[in-house]
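# Coordinate analysis (summary)
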Amino acid sequence: MNKPLAALALCAGATLVHAEEIGEVDTVFKLIGPDHKIVVDAYDDPGVSGVTCYVSRAKTGGIKGGLGLAEDKAEASIACRQTGPISFPKPLRQQEEMFSERISLVFKKLRVVRMVDKTRNTLVYLTYSDRVIEGSPQNSVTAVPVDRATPIPLR
């Protein structure tokens, strides 16, 4: 692997999470190009075995959307759930970006951040969008309580 690609892979490795498409619904018919949609994707938390986050978001259609040039709305919802036995391969940071996804050609990203509520032994997940100049205050939060018999290890 050449050096630029290795550096890119190393930088992206912290948030390299692959979405599994769960489904989508059309919201607006477009005569030319794909329809506007709401898509639902599942993301397994890379730092916590047994937790999956489901994120729904708007996806712009039409000609620009079909070409990947459209800017998607900064609206998303998140629900994270225990989907198996919870375990921690290594200690977690108090707050860490779990994943991000581009929602415009260059400047806008949808982000999911994991926070640890140590007092309540709970994982808190926040989704929001940001933009190089100005982000959006629209956000969604969800929490996954962890059994007290399994304390959340912190770095």
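Anything mentioned here points back to the structure above.
About the cut-offs
Residues numbered from 1 in each chain as written. Predicted model: local features only at pLDDT ≥ 70, side-chain atom pairs only at ≥ 80, totals over all residues. Heavy atoms only, no water. Core = buried A, V, L, I, M, F, W, Y, C linked by side-chain atoms within 4.5 Å. Buried < 20%, exposed > 50% of the residue type's maximum accessible area, 1.4 Å probe, protein only. Helix = DSSP H or I, 4+ residues; strand = E, 2+ residues; numbered from the N terminus. Disulfide = S-S within 2.5 Å. Salt bridge = Lys/Arg side-chain N within 4 Å of Asp/Glu carboxyl O.

Counting residues in hydrophobic clusters, the biggest one holds 20 residues, and the most contacted among them are Val48, Val51, Phe88, Leu123 and Tyr125. Broken down by secondary-structure element, the contributors of at least two residues to this core are strand S3 (49-59), strand S4 (76-87), strand S5 (95-102), strand S6 (108-117) and strand S7 (122-131).

Tallied over the full model, the rule gives one disulfide. Between the sulfur atoms of cysteine 53 and its disulfide mate cysteine 80 the distance is 2.0 Å. On the sign convention where negative means left-handed, the S-S torsion of about 105° between cysteine 53 and cysteine 80 marks this disulfide as right-handed. Taken together, the positions of cysteine 53 in strand S3 and cysteine 80 in strand S4 put the pair 27 residues apart, joining distant regions of the chain.

So, about the pattern of salt bridges. Taken as a whole and assessed by the stated rule, the structure comprises six salt bridges. Residue arginine 114 pairs with aspartate 45 through a salt bridge whose shortest N-O separation is 2.7 Å. Linking arginine 114 in strand S6 with aspartate 45 in the loop between strand S2 (36-44) and S3, this pair joins segments that are 69 residues apart in sequence. Of the two residues, arginine 114 and aspartate 45, both sit in the buried class. Among the salt bridges present, the one from arginine 111 reaches glutamate 97, with a minimum N-O distance of 2.6 Å. Taken together, the positions of arginine 111 in strand S6 and glutamate 97 in strand S5 put the pair 14 residues apart, joining distant regions of the chain. Since its relative accessible area comes to 16%, arginine 111 is described here as buried. A residue is classified by how much of its surface remains accessible, and glutamate 97, at 24% relative accessible area, is partly exposed. Overlapping salt bridges, with partners in common, bring together Glu24, Asp26 and Lys37 in one network.

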